[in-house]
Amino acid sequence: MQARQVEAPLRKLMGPGPLNIHPRVYQALTSPVIGHLDPAYLKVLDQIGDLLRMVFRTKNRITNAAPGTGTAGMESCVANIIEPGDPVLVCVQGYFGDRIRQMAERQEAKLTVIEGEWGKPVDPETLEKELKKNSYKVIGLVHAETSTGVLQPMAEIAGLAKEHGAMILLDTVTSLGGVDVRIDDWGVDAAYSCSQKCIGCAAGLSPVSFSERAVESVRRRKHPVRSWYLDISLLDKYWGTERVYHHTSSSTLNYGLLEALRLIEEEGLEKRIQRHTLNHKALVAGVEAMGLEMLVSPEFRLPSLNTVKIPAGIDDVKVRSYLLDTYNLEIGGGLGVLKGKVWRVGLMGYSSSAENILFFIAAISQALALQGYKTDVAAGLSAVTKALDK
Ligand SMILES: Cc1ncc(COP(=O)(O)O)c(C=O)c1O
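Residues numbered from 1 in each chain as written. Predicted model: local features only at pLDDT ≥ 70, side-chain atom pairs only at ≥ 80, totals over all residues. Heavy atoms only, no water.

### Let's talk about the layout of surface pockets
The test is simple: Points on a 1 Å grid, built from protein atoms alone, make a cavity when a 1.4 Å probe fits but cannot get out and make a pocket when they are open with protein on both sides within 12 Å along at least 5 of 7 lines; residues with an atom within 4 Å of a point are the lining residues. Grid points are joined across faces, edges and corners, and a volume is the space filled by probe spheres set on the points.
There is about 300 Å³ of room inside the largest pocket. Contributing to the lining of the largest pocket are 20 residues, with Phe96, Arg99, Val173, Gln196 and Lys197 lying nearest its centre.

Written out as structure tokens, the structure is:
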């Protein structure tokens, strides 16, 4: 007989995203559907805008949740501030930096790419050399590279962009809501994120924020934005004071996003960032104590996404299938050049918890033992609890 309901197993989500969500967010997602121009709904959108300004640490008026996943936010930033012939510099240190490059190419930018080693951040010296050679309208880069587990230090890059008068386009998909993001302090002009990672909601919305300088550059464009759906001037007529129909905004998803943002506000952004950092340190302590290695050197590790090297001779897919089938545990495999070389362990939002770390250490140790690879699971678990006690 055909199942009457969707059959969705209850997984422990510890991959690159989506992650588990708080029961209050699930509840919000079942609130009554209302019209996209209903005054009650417009209030929800206003509250989302205010709370997004809080997590982005910005005063940018144009700060909202674009329809679509993180890729839509990326497309919105790229399509709005880049037009054909614009000199654009994209820093590629992983899979998602390359996606920005592909999008800039489609906008027919005059593109220069700085290609760096996966697992390392952008080298400021290389960037400075390039900025001295040529002048750029936009520098595109990723703050939290989910494919490698690298957190990009921003202070130096921000200083260089300012000195050379270039706008910064920043991917904060795996950092916003769990890692320190400072749009105004860093002088970022176009930033985007997603709803399903550290923010703690389901996938489908993409928080974006545009500086006044970015908005001005959109106003001065010679060509119309090559995406009608993501044109910020049109979207602003809906999110801003005019309240003109643009698209049928999903009240369901926005209720969820609002509740997720309220949870961030209640926890306190600073405390939430500390929780993500502490749990990341505990995971690393456990992983290293059990005898495994991290890919990224300590100073550049991304707290929300941890890349653990797969020991030689271990069948990656078998391990992940075992974890999923036996323990309902999802972790991520490597992307691009890191395929088969690393596991990506996400500790984001509601999934960033002591319980999840201990569970992962025990489960991965068992998965490895089945392939004849011995780890010191007791040392791993004890290192986790010790790190958490700090
Ligand atoms: C750094 C980064 N940028 C962009 C994206 C694309 O986001 P989405 O899959 O939500 O479209 C992802 C997805 O994981 C990501 O990790």
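### A few points about the environment of asparagine 20
Selection rule: Each helix is a run of H or I in the DSSP string that is no shorter than four residues. Each strand is a run of E no shorter than two, and both are numbered from the N terminus. The definition of a polar contact used here is a pair of N or O atoms within 3.5 Å, where within protein one atom must be able to donate a hydrogen and the other to accept one, and adjacent residues in sequence count solely through side-chain atom pairs.
By the secondary structure assignment, asparagine 20 is in the loop between strand 1 (12-13) and helix 1 (23-29). When the C-alpha positions of asparagine 20 and tyrosine 350 are compared, they lie 6.0 Å apart, and in sequence the two are 330 residues distant. Of note is the side chain of asparagine 20, whose polar atom sits 2.9 Å from the backbone oxygen of arginine 11. A polar side-chain atom of asparagine 20 sits 2.8 Å from the main-chain amide nitrogen of leucine 13.

### Notes on the sheet that holds strand 13 (residues 332-333)
Heads up, the rule is: The rule for pairing is simple: two strands pair if DSSP sees at least two bridges between them.
With respect to topology, three strands assemble into an open sheet ordered 11-14-13, the strand pairing being antiparallel. The open sheet has two edge strands with one neighbour each: strand 11 (305-309) and strand 13. Taken together, the five bridges between strand 11 and strand 14 (residues 342-346) define a ladder with antiparallel strand orientation. When the sheet's bridge partners are listed, asparagine 306 is paired in strand 14 with valine 345.

### Brief notes about empty space enclosed by the protein
The rolling of a water-molecule-sized probe over the atoms marks out the regions of remaining empty space. As a reminder, the rule being used: In this count, Pro and Cys sit with the nonpolar residues alongside Ala, Val, Leu, Ile, Met, Phe, Trp and Tyr, while Asp, Glu, Lys and Arg are called charged and the others, Gly among them, polar.
With the rule as written, the count across this model stands at two cavities of 30 Å³ or more. A volume near 80 Å³ is recorded for the largest cavity. Surrounding the largest cavity, 16 residues form its lining, Gln93, Val122, Val142, Glu145 and Gln152 being those nearest its centre. Of all the elements in the fold, those that place two or more residues in the lining of the largest cavity are strand 3 (87-92), strand 5 (138-142) and strand 7 (150-151). In terms of residue class, the lining of the largest cavity is made up of eight nonpolar, six polar and two charged. Here the second largest cavity is characterised by a volume of approximately 40 Å³. Taken together, the residues of the lining of the second largest cavity sort by class into five nonpolar, two polar and one charged.

### A short note on the packing of aromatic side chains
Counted only if it meets this: Two rings from Phe, Tyr or Trp (for Trp, the six-membered ring) form a pair when their centres sit within 6.5 Å of each other. Planes less than 30 degrees apart are called stacked, planes more than 60 degrees apart edge-to-face, and all others tilted. Two conditions define a charge located above a ring, namely a distance within 6 Å from the ring centre to NZ of Lys or CZ of Arg, and an angle within 35 degrees of the ring normal.
This model, assessed by the stated rule, comprises four aromatic pairs. Measuring from centroid to centroid gives 5.7 Å for tyrosine 322 and tyrosine 327, while their planes differ by 85°, and the two rings are edge-to-face. A ring pair is formed by tyrosine 327 and phenylalanine 359, whose centres lie 6.0 Å apart and whose planes are at 85°; its orientation type is edge-to-face. You can see tyrosine 327 sitting in helix 12 (residues 316-327) and its partner phenylalanine 359 sitting in helix 13 (residues 354-369), a full 32 residues away along the chain. An aromatic cluster of at least three residues, connected via ring pairs, comprises Tyr322, Tyr327 and Phe359. The cationic tip of lysine 12 hangs over the ring face of phenylalanine 359; the distance from NZ or CZ to the ring centre is 5.3 Å.

### Observations regarding the site of the ligand
Applied cut-off: Residues are counted as near a molecule or strand when any one of their heavy atoms sits within 4 Å of it. Only the protein chains shown count as cover for residues, and all accessible areas are computed by the Shrake-Rupley method using a 1.4 Å probe.
Around the ligand, 13 residues are found, and the nearest of them are Thr69, Thr71, Thr146, Asp171 and Lys197. In this structure, an oxygen atom belonging to the ligand sits 2.5 Å away from a side-chain N or O atom of threonine 71. A total of 380 Å² of accessible area belongs to the ligand in isolation, and the protein chains cover 87% of it. Mapped by element, the contributors of at least two residues to the shell around the ligand are helix 3 (70-81) and helix 4 (95-106). Here the element with the most residues in the shell around the ligand is helix 3; it accounts for three residues.

### A word on the environment of glutamate 299
Within the fold, glutamate 299 resides in the loop between helix 11 (269-289) and strand 11. Glutamate 299 sits 81 residues away from glycine 380 along the chain, and the two C-alpha atoms are 22 Å apart.

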